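Topology and contacts: notes
Each chain, letter by letter, is given below.
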Amino acid sequence: MSQSFTDLGLIAELVRSVAEEGYSVPTPIQAQAIPVILAGGDVLAAAQTGTGKTAGFTLPLLQRLNAAPLAQRTPRSARALVLTPTRELAAQVEEAIRTYGRHLGLSSTLIFGGVGINPQIDAMRRGVDILVATPGRLLDHLQQKTVDLGKVEVLVLDEADRMLDMGFIRDIKRILAILPKRRQNLLFSATFSDDIRDLANGLLDAPKMIEVARRNADSELVAQRIHPVDASRKRALLSHLISRGDWRQVLVFTRTKHGANRLAEQLDQDGISASAIHGNKSQSARTKALASFKEGSIRVLVATDIAARGLDIEELPHVVNYELPNVPHDYVHRIGRTGRAGNNGEAISLVSADENAYLADIERLIRRRVEREVIAGFEPGTAPPAAPQAEPRRPPQPAGRPGQRSTRPRTPQKSAPEKPAPSVKPAAAKPAPIAQPARRRDDRRPTPALLGGQPRRTG
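Thresholds applied
Residues numbered from 1 in each chain as written. Predicted model: local features only at pLDDT ≥ 70, side-chain atom pairs only at ≥ 80, totals over all residues. Heavy atoms only, no water. Helix = DSSP H or I, 4+ residues; strand = E, 2+ residues; numbered from the N terminus. Buried < 20%, exposed > 50% of the residue type's maximum accessible area, 1.4 Å probe, protein only. Contact = heavy atoms within 4.5 Å. Areas by Shrake-Rupley, 256 points an atom, 1.4 Å probe, with all protein chains shown as cover. Pairing = 2+ DSSP bridges. Axes fitted to C-alpha atoms, helices over the stretch in contact; angles between N-to-C directions. Core = buried A, V, L, I, M, F, W, Y, C linked by side-chain atoms within 4.5 Å. pLDDT = per-residue confidence, 0-100.

With that settled, the discussion passes to the overall build of the chain. The number of helices and strands found in the chain is 15 helices and 14 strands. Taking all 459 residues of the chain together, 47% fall into the buried category. Contacts in the chain between residues far apart in sequence, at least 24 positions, make up 76% of those at least 6 positions apart. Surface summary for the chain: the accessible area is close to 24,300 Å², and the carbon and sulfur share equals 49%.

Next up, the structure:
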(Lines give C-alpha, C1' and ligand atoms only; values in the text may rest on other atoms or scores of the structure.)
Protein backbone atom coordinates (compact mmCIF):
# COMPACT_ATOMS: atom_id res chain seq x y z
CA MET A 1 0.00 0.00 0.00
CA SER A 2 1.46 3.38 -1.03
CA GLN A 3 2.05 6.13 1.50
CA SER A 4 0.44 9.55 1.44
CA PHE A 5 1.99 12.87 2.44
CA THR A 6 -0.18 12.78 5.57
CA ASP A 7 1.34 9.42 6.48
CA LEU A 8 4.79 11.07 6.41
CA GLY A 9 3.73 13.46 9.19
CA LEU A 10 3.19 16.64 7.18
CA ILE A 11 0.68 19.17 8.53
CA ALA A 12 -2.61 19.84 6.77
CA GLU A 13 -1.49 23.16 5.27
CA LEU A 14 1.43 21.53 3.46
CA VAL A 15 -0.62 18.53 2.32
CA ARG A 16 -3.15 20.98 0.90
CA SER A 17 -0.43 22.84 -1.04
CA VAL A 18 0.95 19.59 -2.42
CA ALA A 19 -2.52 18.47 -3.52
CA GLU A 20 -3.08 21.81 -5.24
CA GLU A 21 0.04 21.09 -7.31
CA GLY A 22 -1.44 17.76 -8.38
CA TYR A 23 0.61 15.40 -6.18
CA SER A 24 -0.86 12.77 -3.88
CA VAL A 25 1.85 10.09 -3.55
CA PRO A 26 5.39 10.96 -2.38
CA THR A 27 8.37 9.88 -4.46
CA PRO A 28 10.89 7.44 -2.94
CA ILE A 29 13.34 10.22 -2.00
CA GLN A 30 10.52 12.18 -0.34
CA ALA A 31 9.19 9.15 1.51
CA GLN A 32 12.60 8.46 3.03
CA ALA A 33 13.88 12.00 3.64
CA ILE A 34 10.84 13.84 5.01
CA PRO A 35 10.42 11.83 8.26
CA VAL A 36 14.14 12.08 9.05
CA ILE A 37 14.22 15.85 8.49
CA LEU A 38 11.05 16.36 10.54
CA ALA A 39 12.77 14.52 13.40
CA GLY A 40 15.71 16.97 13.23
CA GLY A 41 18.36 14.58 11.90
CA ASP A 42 21.10 15.29 9.37
CA VAL A 43 20.64 13.83 5.88
CA LEU A 44 22.96 12.81 3.04
CA ALA A 45 20.65 12.09 0.11
CA ALA A 46 21.20 11.20 -3.54
CA ALA A 47 18.54 10.55 -6.16
CA GLN A 48 18.19 10.82 -9.91
CA THR A 49 17.55 14.30 -11.23
CA GLY A 50 13.81 14.97 -11.44
CA THR A 51 12.68 12.62 -8.68
CA GLY A 52 11.48 15.28 -6.26
CA LYS A 53 14.60 16.19 -4.28
CA THR A 54 13.49 19.81 -3.91
CA ALA A 55 10.16 18.95 -2.30
CA GLY A 56 12.00 16.34 -0.27
CA PHE A 57 13.68 19.05 1.78
CA THR A 58 11.44 22.13 1.33
CA LEU A 59 8.32 20.49 2.79
CA PRO A 60 9.86 19.33 6.10
CA LEU A 61 11.93 22.53 6.30
CA LEU A 62 8.77 24.64 6.11
CA GLN A 63 7.07 22.51 8.76
CA ARG A 64 9.98 22.72 11.23
CA LEU A 65 10.20 26.51 10.94
CA ASN A 66 6.43 26.89 11.17
CA ALA A 67 6.37 24.85 14.39
CA ALA A 68 8.54 27.41 16.21
CA PRO A 69 7.71 30.87 14.81
CA LEU A 70 9.71 33.86 16.00
CA ALA A 71 7.93 36.70 17.74
CA GLN A 72 10.30 39.12 16.03
CA ARG A 73 12.95 38.54 13.36
CA THR A 74 16.50 39.79 13.76
CA PRO A 75 17.41 42.34 11.05
CA ARG A 76 19.36 40.88 8.08
CA SER A 77 19.07 37.36 9.52
CA ALA A 78 17.72 34.03 8.21
CA ARG A 79 16.62 30.93 10.09
CA ALA A 80 17.38 28.56 7.22
CA LEU A 81 19.99 28.83 4.46
CA VAL A 82 19.75 26.95 1.14
CA LEU A 83 22.89 27.09 -1.05
CA THR A 84 22.71 26.21 -4.75
CA PRO A 85 25.34 26.32 -7.53
CA THR A 86 23.40 28.35 -10.13
CA ARG A 87 20.93 31.22 -10.38
CA GLU A 88 18.33 29.09 -12.16
CA LEU A 89 18.38 26.40 -9.49
CA ALA A 90 18.20 29.02 -6.74
CA ALA A 91 15.14 30.56 -8.40
CA GLN A 92 13.53 27.13 -8.77
CA VAL A 93 14.06 26.27 -5.09
CA GLU A 94 12.75 29.62 -3.85
CA GLU A 95 9.69 29.27 -6.08
CA ALA A 96 9.04 25.81 -4.58
CA ILE A 97 9.32 27.27 -1.07
CA ARG A 98 6.74 29.95 -1.88
CA THR A 99 4.48 27.45 -3.64
CA TYR A 100 4.41 24.85 -0.86
CA GLY A 101 4.41 27.45 1.91
CA ARG A 102 1.55 29.53 0.50
CA HIS A 103 -0.73 28.61 3.43
CA LEU A 104 1.90 29.37 6.06
CA GLY A 105 3.12 32.70 7.34
CA LEU A 106 6.80 32.17 6.50
CA SER A 107 8.97 34.47 4.40
CA SER A 108 11.75 33.73 1.92
CA THR A 109 14.03 35.63 -0.42
CA LEU A 110 16.53 35.00 -3.17
CA ILE A 111 20.16 36.13 -3.49
CA PHE A 112 22.33 35.54 -6.56
CA GLY A 113 24.70 37.39 -8.86
CA GLY A 114 24.06 38.99 -12.23
CA VAL A 115 21.45 41.40 -10.87
CA GLY A 116 21.56 44.52 -8.69
CA ILE A 117 22.48 43.98 -5.05
CA ASN A 118 20.42 46.84 -3.57
CA PRO A 119 16.99 45.14 -3.88
CA GLN A 120 18.50 42.11 -2.13
CA ILE A 121 19.78 44.33 0.67
CA ASP A 122 16.28 45.80 1.08
CA ALA A 123 14.71 42.31 1.14
CA MET A 124 17.06 41.21 3.92
CA ARG A 125 16.70 44.38 6.00
CA ARG A 126 13.96 42.98 8.25
CA GLY A 127 15.21 39.38 8.12
CA VAL A 128 13.57 36.31 6.56
CA ASP A 129 12.77 32.75 7.53
CA ILE A 130 14.45 31.10 4.52
CA LEU A 131 17.31 32.50 2.45
CA VAL A 132 18.15 30.83 -0.90
CA ALA A 133 21.51 31.92 -2.31
CA THR A 134 24.46 31.17 -4.54
CA PRO A 135 27.81 31.16 -2.68
CA GLY A 136 29.51 34.02 -4.54
CA ARG A 137 26.80 36.65 -4.05
CA LEU A 138 26.20 35.52 -0.46
CA LEU A 139 29.86 36.21 0.34
CA ASP A 140 29.46 39.69 -1.18
CA HIS A 141 26.63 40.36 1.28
CA LEU A 142 28.60 38.96 4.19
CA GLN A 143 31.53 41.24 3.38
CA GLN A 144 29.18 44.23 3.28
CA LYS A 145 27.48 43.04 6.49
CA THR A 146 24.07 43.11 4.82
CA VAL A 147 23.37 39.46 5.77
CA ASP A 148 23.72 37.91 9.25
CA LEU A 149 24.03 34.11 9.39
CA GLY A 150 24.27 33.92 13.16
CA LYS A 151 20.66 32.73 13.54
CA VAL A 152 20.69 29.89 10.99
CA GLU A 153 19.05 26.74 12.35
CA VAL A 154 19.07 24.61 9.16
CA LEU A 155 21.61 24.47 6.32
CA VAL A 156 20.76 22.86 2.98
CA LEU A 157 23.35 22.19 0.26
CA ASP A 158 21.42 21.45 -2.93
CA GLU A 159 23.18 19.94 -5.97
CA ALA A 160 26.30 19.75 -3.81
CA ASP A 161 28.19 17.72 -6.40
CA ARG A 162 27.84 20.52 -8.94
CA MET A 163 29.04 23.11 -6.44
CA LEU A 164 32.22 21.09 -6.00
CA ASP A 165 32.60 20.67 -9.78
CA MET A 166 32.32 24.44 -10.21
CA GLY A 167 35.03 25.18 -7.67
CA PHE A 168 32.83 26.48 -4.85
CA ILE A 169 34.48 24.41 -2.12
CA ARG A 170 36.48 27.34 -0.70
CA ASP A 171 33.43 29.60 -0.68
CA ILE A 172 31.40 26.88 1.04
CA LYS A 173 34.04 26.45 3.73
CA ARG A 174 34.11 30.22 4.34
CA ILE A 175 30.34 30.22 4.78
CA LEU A 176 30.40 27.16 7.04
CA ALA A 177 32.91 28.89 9.32
CA ILE A 178 30.41 31.72 9.93
CA LEU A 179 27.37 29.53 10.67
CA PRO A 180 26.40 28.50 14.22
CA LYS A 181 27.92 25.20 15.28
CA ARG A 182 24.57 23.76 16.37
CA ARG A 183 22.32 23.36 13.35
CA GLN A 184 20.66 20.74 11.19
CA ASN A 185 22.52 19.92 7.96
CA LEU A 186 20.93 18.53 4.79
CA LEU A 187 23.09 17.61 1.82
CA PHE A 188 21.23 16.75 -1.40
CA SER A 189 22.93 15.71 -4.61
CA ALA A 190 22.06 14.20 -7.97
CA THR A 191 25.07 11.90 -7.77
CA PHE A 192 27.33 10.49 -5.06
CA SER A 193 31.04 11.00 -5.64
CA ASP A 194 33.98 10.43 -3.33
CA ASP A 195 34.35 14.23 -2.98
CA ILE A 196 30.75 14.48 -1.80
CA ARG A 197 31.36 11.81 0.81
CA ASP A 198 34.47 13.65 2.01
CA LEU A 199 32.47 16.88 2.35
CA ALA A 200 29.73 15.06 4.21
CA ASN A 201 32.18 13.54 6.68
CA GLY A 202 33.28 17.00 7.81
CA LEU A 203 29.83 18.58 7.74
CA LEU A 204 27.17 16.10 8.85
CA ASP A 205 26.56 14.63 12.30
CA ALA A 206 25.57 10.95 12.16
CA PRO A 207 23.57 11.50 8.97
CA LYS A 208 20.90 9.26 7.54
CA MET A 209 22.22 8.22 4.13
CA ILE A 210 19.55 7.93 1.45
CA GLU A 211 20.37 6.63 -2.02
CA VAL A 212 17.25 5.95 -4.03
CA ALA A 213 18.93 5.03 -7.33
CA ARG A 214 22.21 3.23 -7.79
CA ARG A 215 25.26 5.41 -7.86
CA ASN A 216 25.47 7.73 -10.90
CA ALA A 217 22.49 6.04 -12.56
CA ASP A 218 20.70 7.36 -15.60
CA SER A 219 16.89 7.49 -15.58
CA GLU A 220 15.06 4.44 -16.92
CA LEU A 221 12.30 6.76 -18.19
CA VAL A 222 14.68 8.39 -20.69
CA ALA A 223 15.12 6.68 -24.08
CA GLN A 224 18.73 7.28 -25.11
CA ARG A 225 20.06 7.13 -28.65
CA ILE A 226 23.29 8.00 -30.48
CA HIS A 227 23.33 9.39 -34.02
CA PRO A 228 26.87 9.09 -35.46
CA VAL A 229 27.56 12.02 -37.79
CA ASP A 230 30.43 14.10 -39.13
CA ALA A 231 31.08 17.17 -36.98
CA SER A 232 30.56 19.49 -39.96
CA ARG A 233 27.02 18.14 -40.51
CA LYS A 234 25.72 18.22 -36.94
CA ARG A 235 23.77 21.43 -37.39
CA ALA A 236 22.11 20.16 -40.56
CA LEU A 237 21.20 16.88 -38.85
CA LEU A 238 19.76 18.68 -35.84
CA SER A 239 17.57 20.84 -38.07
CA HIS A 240 16.49 17.71 -39.98
CA LEU A 241 15.52 15.85 -36.77
CA ILE A 242 13.55 18.80 -35.39
CA SER A 243 11.70 19.40 -38.66
CA ARG A 244 11.05 15.73 -39.48
CA GLY A 245 9.77 14.95 -36.00
CA ASP A 246 7.95 18.29 -35.62
CA TRP A 247 9.59 18.72 -32.23
CA ARG A 248 8.05 21.70 -30.47
CA GLN A 249 10.25 21.85 -27.37
CA VAL A 250 13.92 20.80 -27.45
CA LEU A 251 16.71 21.52 -24.97
CA VAL A 252 20.10 21.37 -26.75
CA PHE A 253 23.46 21.25 -24.97
CA THR A 254 26.76 22.64 -26.24
CA ARG A 255 30.15 22.70 -24.52
CA THR A 256 30.86 26.42 -24.93
CA LYS A 257 29.02 29.73 -24.67
CA HIS A 258 30.19 30.79 -28.13
CA GLY A 259 28.97 27.51 -29.56
CA ALA A 260 25.54 28.02 -27.95
CA ASN A 261 25.19 31.49 -29.49
CA ARG A 262 26.31 30.32 -32.92
CA LEU A 263 24.00 27.29 -32.98
CA ALA A 264 20.97 29.34 -31.89
CA GLU A 265 21.65 31.83 -34.70
CA GLN A 266 22.05 29.04 -37.27
CA LEU A 267 18.79 27.36 -36.22
CA ASP A 268 17.00 30.70 -36.55
CA GLN A 269 18.38 30.94 -40.08
CA ASP A 270 16.93 27.47 -40.75
CA GLY A 271 13.49 28.73 -39.73
CA ILE A 272 13.56 27.08 -36.29
CA SER A 273 13.02 29.58 -33.46
CA ALA A 274 15.84 29.27 -30.92
CA SER A 275 17.54 31.14 -28.09
CA ALA A 276 20.75 30.60 -26.12
CA ILE A 277 21.24 30.59 -22.36
CA HIS A 278 24.64 30.64 -20.65
CA GLY A 279 26.73 32.39 -18.02
CA ASN A 280 27.61 35.41 -20.17
CA LYS A 281 23.95 36.29 -20.65
CA SER A 282 22.41 38.80 -18.27
CA GLN A 283 19.95 37.42 -15.75
CA SER A 284 17.09 39.24 -17.45
CA ALA A 285 18.03 37.71 -20.82
CA ARG A 286 18.26 34.23 -19.27
CA THR A 287 14.90 34.63 -17.55
CA LYS A 288 13.25 35.89 -20.76
CA ALA A 289 14.69 33.03 -22.85
CA LEU A 290 13.57 30.41 -20.33
CA ALA A 291 10.07 31.91 -20.08
CA SER A 292 9.73 31.98 -23.88
CA PHE A 293 10.82 28.34 -24.05
CA LYS A 294 8.38 27.22 -21.37
CA GLU A 295 5.43 29.02 -22.96
CA GLY A 296 6.29 27.66 -26.42
CA SER A 297 7.13 30.87 -28.28
CA ILE A 298 10.55 29.39 -29.10
CA ARG A 299 11.11 25.73 -29.99
CA VAL A 300 14.78 25.28 -29.08
CA LEU A 301 16.74 26.41 -26.01
CA VAL A 302 20.50 26.02 -26.49
CA ALA A 303 22.34 25.85 -23.17
CA THR A 304 25.67 25.16 -21.54
CA ASP A 305 25.94 22.74 -18.61
CA ILE A 306 26.29 25.40 -15.92
CA ALA A 307 23.33 27.46 -17.12
CA ALA A 308 21.06 24.42 -17.49
CA ARG A 309 21.69 23.01 -14.01
CA GLY A 310 18.47 23.39 -12.09
CA LEU A 311 16.20 24.02 -15.08
CA ASP A 312 12.83 22.49 -14.28
CA ILE A 313 10.71 22.32 -17.43
CA GLU A 314 7.50 20.38 -17.01
CA GLU A 315 7.16 17.41 -19.38
CA LEU A 316 10.17 18.36 -21.51
CA PRO A 317 10.09 15.72 -24.29
CA HIS A 318 13.51 16.08 -25.98
CA VAL A 319 17.10 16.70 -24.89
CA VAL A 320 19.87 16.78 -27.50
CA ASN A 321 23.60 16.58 -26.80
CA TYR A 322 24.89 18.59 -29.75
CA GLU A 323 28.35 17.99 -28.27
CA LEU A 324 29.12 15.36 -25.66
CA PRO A 325 30.33 16.70 -22.30
CA ASN A 326 33.95 16.08 -21.41
CA VAL A 327 32.91 15.14 -17.85
CA PRO A 328 30.81 11.93 -17.86
CA HIS A 329 28.70 12.95 -14.84
CA ASP A 330 27.40 15.93 -16.82
CA TYR A 331 25.77 13.53 -19.26
CA VAL A 332 23.61 12.14 -16.44
CA HIS A 333 22.61 15.67 -15.43
CA ARG A 334 21.86 16.68 -19.01
CA ILE A 335 19.53 13.81 -19.85
CA GLY A 336 17.91 14.24 -16.42
CA ARG A 337 16.22 17.39 -17.73
CA THR A 338 13.72 15.07 -19.46
CA GLY A 339 11.89 12.03 -18.07
CA ARG A 340 10.98 13.95 -14.91
CA ALA A 341 8.17 13.32 -12.41
CA GLY A 342 7.27 9.96 -13.96
CA ASN A 343 7.08 11.24 -17.55
CA ASN A 344 8.91 9.59 -20.45
CA GLY A 345 11.58 11.51 -22.34
CA GLU A 346 14.08 11.18 -25.16
CA ALA A 347 17.79 12.01 -25.09
CA ILE A 348 19.60 12.20 -28.44
CA SER A 349 23.37 12.60 -28.80
CA LEU A 350 25.03 13.71 -32.06
CA VAL A 351 28.45 12.07 -31.89
CA SER A 352 31.34 12.68 -34.25
CA ALA A 353 34.43 10.50 -34.49
CA ASP A 354 36.54 12.79 -32.32
CA GLU A 355 34.07 12.33 -29.42
CA ASN A 356 34.29 8.54 -29.21
CA ALA A 357 36.56 8.72 -26.16
CA TYR A 358 33.95 10.84 -24.35
CA LEU A 359 31.24 8.36 -25.32
CA ALA A 360 33.27 5.44 -23.96
CA ASP A 361 33.68 7.24 -20.61
CA ILE A 362 29.94 7.96 -20.44
CA GLU A 363 28.94 4.36 -21.19
CA ARG A 364 31.42 3.15 -18.59
CA LEU A 365 29.79 5.44 -16.01
CA ILE A 366 26.17 4.49 -16.74
CA ARG A 367 27.11 0.82 -17.28
CA ARG A 368 25.27 0.39 -20.53
CA ARG A 369 25.80 0.69 -24.26
CA VAL A 370 23.64 3.39 -25.80
CA GLU A 371 21.77 2.43 -28.99
CA ARG A 372 23.34 3.70 -32.25
CA GLU A 373 21.27 4.80 -35.25
CA VAL A 374 22.72 6.27 -38.45
CA ILE A 375 20.33 8.69 -40.15
CA ALA A 376 20.04 8.22 -43.92
CA GLY A 377 21.76 11.02 -45.78
CA PHE A 378 23.97 11.84 -42.78
CA GLU A 379 26.22 8.78 -42.73
CA PRO A 380 29.66 9.47 -41.20
CA GLY A 381 32.34 10.01 -43.81
CA THR A 382 29.95 11.36 -46.43
CA ALA A 383 30.35 15.05 -45.69
CA PRO A 384 31.46 16.95 -48.81
CA PRO A 385 35.00 18.31 -48.66
CA ALA A 386 35.27 21.87 -47.46
CA ALA A 387 35.42 24.37 -50.30
CA PRO A 388 38.75 26.21 -50.54
CA GLN A 389 38.51 29.67 -49.10
CA ALA A 390 39.15 32.43 -51.63
CA GLU A 391 41.75 34.98 -50.62
CA PRO A 392 39.96 38.20 -49.70
CA ARG A 393 40.46 41.05 -52.16
CA ARG A 394 42.13 44.10 -50.77
CA PRO A 395 40.99 47.58 -51.72
CA PRO A 396 43.58 49.65 -53.59
CA GLN A 397 45.72 51.80 -51.33
CA PRO A 398 45.78 55.51 -52.17
CA ALA A 399 49.26 56.67 -53.05
CA GLY A 400 51.01 59.29 -51.02
CA ARG A 401 48.66 59.08 -48.04
CA PRO A 402 50.61 60.61 -45.16
CA GLY A 403 51.34 58.45 -42.13
CA GLN A 404 50.28 55.17 -43.81
CA ARG A 405 52.62 52.37 -44.79
CA SER A 406 51.68 50.14 -47.68
CA THR A 407 51.09 46.46 -46.84
CA ARG A 408 51.97 45.25 -50.34
CA PRO A 409 55.33 43.59 -50.94
CA ARG A 410 57.71 45.91 -52.66
CA THR A 411 58.36 45.34 -56.38
CA PRO A 412 61.10 46.99 -58.39
CA GLN A 413 59.85 49.91 -60.47
CA LYS A 414 60.67 49.94 -64.17
CA SER A 415 62.91 52.81 -65.26
CA ALA A 416 65.49 53.67 -67.85
CA PRO A 417 68.51 51.31 -67.95
CA GLU A 418 71.19 52.47 -65.63
CA LYS A 419 74.57 51.00 -64.93
CA PRO A 420 74.59 49.79 -61.30
CA ALA A 421 77.41 50.70 -58.96
CA PRO A 422 79.92 47.85 -58.93
CA SER A 423 80.06 47.56 -55.10
CA VAL A 424 76.30 47.54 -54.40
CA LYS A 425 74.16 44.42 -54.87
CA PRO A 426 70.37 44.98 -54.98
CA ALA A 427 68.57 43.44 -51.97
CA ALA A 428 65.98 40.82 -52.82
CA ALA A 429 62.48 41.72 -51.78
CA LYS A 430 61.14 39.59 -48.91
CA PRO A 431 57.94 37.73 -49.73
CA ALA A 432 54.90 38.78 -47.73
CA PRO A 433 53.96 36.30 -44.97
CA ILE A 434 51.02 34.06 -45.79
CA ALA A 435 48.13 34.77 -43.47
CA GLN A 436 46.97 31.71 -41.56
CA PRO A 437 43.25 31.47 -40.80
CA ALA A 438 42.57 31.94 -37.11
CA ARG A 439 41.41 28.86 -35.27
CA ARG A 440 38.37 29.34 -33.15
CA ARG A 441 38.20 27.83 -29.69
CA ASP A 442 35.43 25.53 -30.85
CA ASP A 443 37.53 24.17 -33.74
CA ARG A 444 40.10 22.53 -31.55
CA ARG A 445 39.86 18.81 -31.23
CA PRO A 446 38.60 18.07 -27.70
CA THR A 447 40.60 16.02 -25.30
CA PRO A 448 39.14 14.44 -22.16
CA ALA A 449 39.44 16.86 -19.27
CA LEU A 450 41.01 15.83 -15.97
CA LEU A 451 38.21 15.07 -13.55
CA GLY A 452 40.13 16.76 -10.78
CA GLY A 453 40.22 20.15 -12.57
CA GLN A 454 38.36 23.13 -11.19
CA PRO A 455 36.20 24.85 -13.80
CA ARG A 456 35.60 28.56 -13.42
CA ARG A 457 32.45 29.25 -11.49
CA THR A 458 29.56 31.54 -12.27
CA GLY A 459 26.56 32.76 -10.34
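Attention now moves to the sheet that holds strand S6 (residues 184-189). Pairing within the open sheet is parallel, and its seven strands lie in the order S3-S4-S2-S5-S6-S1-S7. Here the strands that pair on one side only, and so sit at the sheet edges, are strand S3 (108-111) and strand S7 (208-211). Strand-to-strand twist in this sheet, taken as the mean axis angle between neighbours without regard to direction, amounts to 15 degrees. Of the pairings in the sheet, the one linking strand S5 (residues 154-157) to S6 comprises four bridges and is parallel in character. Within S6, the residue paired with Leu155 across the bridge is Asn185. Against the sheet, helix H9 (residues 194-203) touches strand S1 (43-46), S5, S6 and S7, its axis set at about 175 degrees to S6.

What follows deals with the sheet that holds strand S12 (residues 318-321). Sheet architecture is open: seven strands sit in the order S10-S11-S9-S12-S13-S8-S14, paired in parallel fashion. On the outer flanks of this sheet lie strand S10 (274-277) and strand S14 (371-372), each paired with one strand and no other. Pairing of strand S8 (residues 222-228) with strand S13 (residues 345-351) involves seven bridges; the strand directions are parallel. Bridging across to S13, Ala223 finds its partner in Glu346.

Our next topic: the nonpolar core. Judged by nonpolar contacts, the single largest core of 36 residues is most densely connected at Val43, Phe57, Leu59, Val82, Ile130, Leu186 and Phe188. Core analysis: the next-biggest nonpolar cluster, separate from the first, contains 35 residues, Leu149, Leu155, Leu157 and Met163 among them.

Across the chain, pLDDT averages 82, with 79% of residues at or above 70. The low-confidence segment residues 400-427, where pLDDT is below 50, has eight contacts with residues more than four positions distant or belonging to other chains. Every residue in residues 434-459 is under pLDDT 50, and counting partners more than four places away or in other chains gives 38 contacts.

Let us now look at unusual backbone geometry. At Lys145, a residue that is not glycine, the phi angle is positive and equals roughly 60 degrees. By the element assignment, Lys145 lies in the loop between helix H6 (135-144) and S5. Residue classification places Lys145 among the exposed residues on the basis of a relative accessible area of 65%. Of note, the phi angle at Arg367 is positive, near 60 degrees, even though the residue is not glycine. One can find Arg367 in the loop between helix H15 (356-366) and S14. By relative accessible area, which is 63% here, Arg367 ends up exposed.

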